[in-house]
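A closer look at the structure
Chain by chain, the residues run as shown.
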Amino acid sequence: MTVREEFALAVRARMPLIALVTPEEQRAEALVLRPVADEWRAGRLFVWSITEGMVERDPEGGDRARIPAPDPLAALDVAAGYEEPALFVLRDFHHHLESAAVLRRLRDLASVLPVAGKNLVFLGPRFRTPDDLEKDVLVLDVPPPDFIELGRLVGEAQIAGRTPDGLPPAAREALARAMLGLTLGEAESVLARALVRDGAITARAVELVLAEKRHLVRRHGLIECLESRDGLDDVGGLAGLKHWLARREAAFGEAARDYGLPVPRGILLLGVQGCGKSLIAKAVSRAWAMPLLHLDLGRVFGKFVGESEAAMRRAIQTAEAAAPCVLWVDEIEKGFAGATVEAHDAGVGARVLGTFLTWMQEKEKPVFVVATANQIRGLPPELLRKGRFDELFFVDLPDTGEREQILAVHLRKRRRDPAGWDLADLARRTDGFTGAELEQVVVEGLHNAFADGRRPLAPTDLEQAAAEVVPLSVTMRETVAALRQWAATRARRAS
Ligand SMILES: Nc1ncnc2c1ncn2[C@@H]1O[C@H](COP(=O)(O)OP(=O)(O)OP(=O)(O)O)[C@@H](O)[C@H]1O
Ligand SMILES: [Mg+2]
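Everything quoted here is computed from the prediction, not taken from an experiment.

Thoughts on unusual backbone geometry
The omega torsion across Ala323 and Pro324 is 0°, close enough to zero to call that bond cis. Locating Pro324 in the fold gives a position in the loop between α13 (308-322) and β11 (325-329). Phi angles above zero are rare outside glycine, and Arg454 is one such case at about 55°. In this structure, Arg454 sits in the loop between α18 (435-451) and α19 (459-468).

Structure below.
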């Protein structure tokens, strides 16, 4: 049911008091209040605020009549004394619900208003039902604009920019999808800025959307919003994982909902250090044009006991407000290390983990979780159960072909064209190297050439650099072997 339908139902069912929670008063008026007043209250809609008194609105949203009502009790008197069925909207009334007189008057009205076909509507960004009114108030959230509304908005902006055909349908859908979670005002402001900057609505407007979401997230604290420079092209190897991700992207769209697909939940990446787990999290966000939110579990648990659960809930809310987004939970096994049975934290860790798991299982918002872990020890088994993550991937050391790709990625990143070089040979010499170590080989090679009179990089520089690295897989042979063995039967290979 849409909020308008729910609201209409409440009005018809003669709920005396209804709270509409939204920071967007005008939108709520146009989307919900006006149509319902027209259909069920003969168009009679009054809006009260402490600054303007009680104003009767005409169907076009203008003011028809103004009745002085300088305080909340006076506003309630106007509603009580009015002779016809009507909706009375009370703005910011949550500030006045502390008063005993106002509460008493509301309780009296709750029994007489329905008979006369009148409803009081509390409209504001916040509402908490006072205990005394618990049975009489229905609270409805007005959700931010949906995909269709945002798509329409993009269309209008394109016309305003005189480039109605400037954006291919897929890019238009991607832009509307990226804007999900913004209020109408924020979405309009983003599009206006795009028009000013680019002269038209182009695919680049997505950058402004992501910046707007970063501002939203920054206000909350526990979650940090990162900017990713790396796309999936900057990830060498891991073809299986990349293929899986490419097939999931479309599953965020409207067509997938209509088809009956659930929103993707997320993936857990388990693997050897330095092989690209964190890199993948960043690349996904960039490839899907979604903001990258980084949840620091250390900070969630860093608070004093008792607050951690609230902190986790708040982090989840923040992520949902920025959805669609990628939520990156790095080193999840360390974060939840305290959540095991023998933990000495009075069960706080277990409860925070429980909050997280329940959310993973039930979430409907498009928050794609990318969790990473490089140890099995400390990884709570509950995390691995079906229904939490869509898939558990094992990120192994790169094989020869993958090493070649990773070397090429890092050469290109440093504006060196690897074409014509025998990278296959270098790849064979770097058996057991992680992605991070291969990057180090490229950087070291460049240092050598630079120090040697700034001459052009030569293949021998890389060979020399590679010869000097002692790969982690050698120093940590047992750990890597144990990880592989564990993952062999439990995880899908990312390569
Ligand atoms: N597959 C890869 N393709 C390209 N670069 C890679 C790859 N794997 C690692 N790298 C390089 O190594 C760096 C470090 O890798 P990353 O941080 O993703 O490793 P990780 O698996 O998260 O390791 P850790 O377990 O230590 O967190 C990356 O920023 C990237 O530059
Ligand atoms: Mg990492």
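There is more to say, and it comes next.
Topic: the site of ligand 1
Ligand 1 sits among 19 residues. The nearest are Gly276, Lys277, Ser278, Leu279 and Gly435. For the shell around ligand 1, the secondary structure elements donating two or more residues are α11 (277-287), α16 (400-413) and α18. When grouped by side-chain class, the residues that make up the shell around ligand 1 number 7 nonpolar, 10 polar and 2 charged. Here the shell around ligand 1 spans two domains, and each of domain 3 (232-395) and domain 4 (400-475) adds at least three residues to it.

Some words on the domain arrangement of the protein chain
One can read the domain layout of the protein chain as domain 1 (3-141), domain 2 (147-219), domain 3 (232-395) and domain 4 (400-475). One C-alpha centre belongs to domain 2, the other to domain 4, and the line joining them spans 41 Å.

Some thoughts on the sheet that holds strand β6 (residues 118-124)
Taken together, the 7 strands give an open sheet; going across it, the order is β4-β3-β2-β5-β6-β1-β7, and neighbouring strands pair in mixed fashion. Sheet topology places β4 (63-67) and β7 (137-141) at the edges, where each strand pairs with a single neighbour. Geometrically, the sheet is characterised by an average inter-axis angle of 25° between neighbouring strands, direction not taken into account. Pairing of strand β2 (residues 45-49) with strand β5 (residues 86-91) involves 4 bridges; the strand directions are parallel. What sits directly across from Phe46, in β5, is Phe88.

Notes on the sheet that holds strand β9 (residues 266-271)
Reading across from one edge, β8-β10-β11-β12-β9-β13-β14 is the order of the 7 strands in this open sheet, with mixed pairing throughout. In the strand order of this sheet, the two ends are held by β8 (223-226) and β14 (492-493), each with one partner. Relative to β14, strand β13 (residues 391-395) runs parallel, the two being bridged by 2 bridges. Bridging from a neighbouring strand, Phe394 pairs with Arg493 of β14. Relative to β8, helix α8 (residues 205-218) is tilted by about 160°, and along the sheet it contacts β8 and β10 (292-295).

Some details on the pairing of β4
Taking burial as the measure, the 5 residues of β4 include 0 buried ones, a minor fraction of the element. Pairing of strand β3 (residues 53-57) with β4, which is carried by 4 bridges, proceeds in the antiparallel orientation. Paired with Arg57 across the two strands is Asp63, which belongs to β4. A loop of 5 residues connects β3 with β4, the two strands running antiparallel in sequence, and Gly61 in this loop sits at a positive phi of about 95°.

Points about the packing of α18 against α19
Interaxial distance between α18 and α19 falls to 8 Å at its minimum, and their mutual angle equals 120°. With respect to α19, the element α18 is oriented oblique. Here the hand of the crossing between α18 and α19 comes out right-handed. Contact residues: Val441, Val442, Glu444, Gly445, Asn448 and Ala449 in α18; Asp461, Leu462, Gln464, Ala465 and Ala466 in α19. When its residues are assigned to classes, the contact of α18 with α19 shows 6 nonpolar, 3 polar and 2 charged.

Conventions used here
Residues numbered from 1 in each chain as written. Chains lettered and ligands numbered in written order. Predicted model: local features only at pLDDT ≥ 70, side-chain atom pairs only at ≥ 80, totals over all residues. Helix = DSSP H or I, 4+ residues; strand = E, 2+ residues; numbered from the N terminus. Near = placed C-beta within 6 Å. Nonpolar A, V, L, I, M, F, W, Y, C, P; charged D, E, K, R; others polar. Domains from an automatic or database assignment. Pairing = 2+ DSSP bridges. Axes fitted to C-alpha atoms, helices over the stretch in contact; angles between N-to-C directions. Contact = placed C-beta atoms within 7 Å. Buried ≥ 20, exposed ≤ 12 C-beta atoms within 10 Å, placed from the backbone. Parallel < 35°, antiparallel > 145°, perpendicular 65-115°, else oblique. Left-handed = near helix turned anticlockwise from the far one by under 90°.

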